[in-house]
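Residue-level structure breakdown
Chain by chain, the residues run as shown.
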Amino acid sequence: MLFLFATAPTLPTSLTVKGDNIWTIVVLMLVLTMLPAIILCMTPFVRLLVVFHFLRQALGTQTTPSNQTLIGLSLFLTFFIMQPALINIQQVAVVPLQAGKIDAWKALDLGATPMRDFMLKYAREKDLALFVEVSKTPRPRNPQDLPLRVVAPAYLLSELKAGFQIGAVLFLPFLVIDMVVASITTSMGMMQLPPVVISTPLKILLFVLVDGWNLVVGSLLKSFQ
């Protein structure tokens, strides 16, 4: 056994991994592991997906568009909205890391700043105050001093509230159509005919005539400007 260990070939020096590279790989794997949570909690993805699901329920089309279609549309719109922040992250964190000017942990800290600024822009003060109080964090002098563990959940709550508000507004015109159709069919004695059979085609026709997808997506994009 000692002979085998003594005669075992040694790895060439070109295959050895430096300490900095090891930490870079660790940080990269950490970011990739947390990527789904980052997309859900730190981007507009939640607001967009909630609004699209409300819209589908209001139209009464059940599974059309499919969940995969709505998620794909939400992802592309999220990337479109987050593009300025992503470019900023690349300039302040990724480029210096690739040039070897900073280590992986410093790059992670610098890259979190644009994300924090983006979330603070849309997080409600009430939600921020809630998590500051619960976490017993000292009251900061300005919002930029808040830690990410306070900003991220507050932003997520704000996005959920905004998504439900927009979804409720979208529901109203389609709810009016359902009520009108139901009252007409009931007054005509058409008890055996479900009102949804008539109201669903009318709602789809109205949505197509007003170019609904363009209006909804345009309004969502403008809400982040």
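Refer to the preceding data block for the structure.
Residues numbered from 1 in each chain as written. Predicted model: local features only at pLDDT ≥ 70, side-chain atom pairs only at ≥ 80, totals over all residues. Heavy atoms only, no water.

Some words on the overall build of the protein
- Scanning the protein from terminus to terminus reveals 9 helices and 0 strands.
- Within the protein, the fraction of its 225 residues that count as buried is 31%.
- Restricting the contact set of the protein to residue pairs at least 6 apart, pairs at least 24 apart contribute 70%.
- For the protein, the accessible surface area stands at approximately 14,800 Å², while carbon and sulfur atoms represent 70% of it. (Helix = DSSP H or I, 4+ residues; strand = E, 2+ residues; numbered from the N terminus. Buried < 20%, exposed > 50% of the residue type's maximum accessible area, 1.4 Å probe, protein only. Contact = heavy atoms within 4.5 Å. Areas by Shrake-Rupley, 256 points an atom, 1.4 Å probe, with all protein chains shown as cover.)

Some details on the pattern of salt bridges
- Tallied over the full model, the rule gives 3 salt bridges.
- Put simply, R124 and D127 hold a salt bridge, and the shortest N to O gap is 3.0 Å. (Salt bridge = Lys/Arg side-chain N within 4 Å of Asp/Glu carboxyl O.)

Looking at the packing of aromatic side chains
- Under the defined criterion, the tally for this structure stands at 8 aromatic pairs.
- Arranged with centres 5.6 Å apart and planes meeting at 85°, the rings of F207 and W213 form a pair that is edge-to-face.
- What makes F207 buried here is its relative accessible area of 8%.
- On the basis of relative accessibility, which here comes to 32%, the residue W213 falls in the partly exposed class.
- The structure contains a cluster of three or more aromatic residues connected by ring pairs, namely F52, F174, F207 and W213. (Phe/Tyr/Trp six-rings, centres within 6.5 Å; stacked < 30°, edge-to-face > 60°.)

A closer look at the nonpolar core
- Among the nonpolar cores identified, the biggest contains 37 residues, and F52, L55, F118, M119, L146 and V216 are the most heavily contacted of them.
- Mapped by element, the contributors of at least two residues to this core are α3 (45-59), α4 (67-98), α5 (104-122), α6 (125-134), α7 (148-187) and α9 (212-222).
- When residues of this core are assigned to their parent elements, the largest contribution, 8 residues, is made by α3.
- The contacts of F52, once residues within four sequence positions are left out, are L70, L73, S74, L77, W213, V216, V217 and L220. (Core = buried A, V, L, I, M, F, W, Y, C linked by side-chain atoms within 4.5 Å.)

Digging into α3
- In a regular helix each residue adds 1.5 Å, so 15 residues correspond to 21 Å; α3 covers 21 Å between its end C-alpha atoms and thus fits that length.
- Across the 15 residues of α3, 12 count as buried, placing the element largely inside the fold.
- Buried residues of α3: F45, V46, R47, L48, L49, V50, V51, F52, L55, R56, A58 and L59, and no others.
- At the C-terminal side of α3, G60 shows a positive phi close to 75°. (Expected span 1.5 Å × (residues − 1).)

Quick word on unusual backbone geometry
- Cis geometry is adopted by the peptide bond preceding P65, which originates at T64 and carries an omega value of 0°.
- With respect to the element layout, P65 can be found in the loop between α3 and α4.
- One non-glycine residue with positive phi stands out, namely D211, at about 55°.
- Mapped onto the elements of the fold, D211 is located in the loop between α8 (195-209) and α9.

Here we look at the packing of α3 against α9
- It is the contact of α3 with α9, at a shortest axis distance of 11 Å, that shows an interaxial angle of 155°. Taken together, the axis directions place α3 and α9 in an arrangement best described as roughly antiparallel. Both α3 and α9 take part in a crossing whose hand is right-handed. Here L48, V51, F52 and L55 of α3 come into contact with α9, specifically with W213, V216, V217 and L220. (Axes fitted to C-alpha atoms, helices over the stretch in contact; angles between N-to-C directions. Parallel < 35°, antiparallel > 145°, perpendicular 65-115°, else oblique. Left-handed = near helix turned anticlockwise from the far one by under 90°.)

Focus on α5
- The end-to-end C-alpha separation of α5 is 28 Å, in line with the 27 Å expected for 19 residues at 1.5 Å each.
- Residues of α5 that are buried include every one of A104, A107, G111, A112, P114, M115, R116, F118, M119, L120 and Y122, and no others.

Everything listed here is a matter of coordinates, which is why it stays silent on function.
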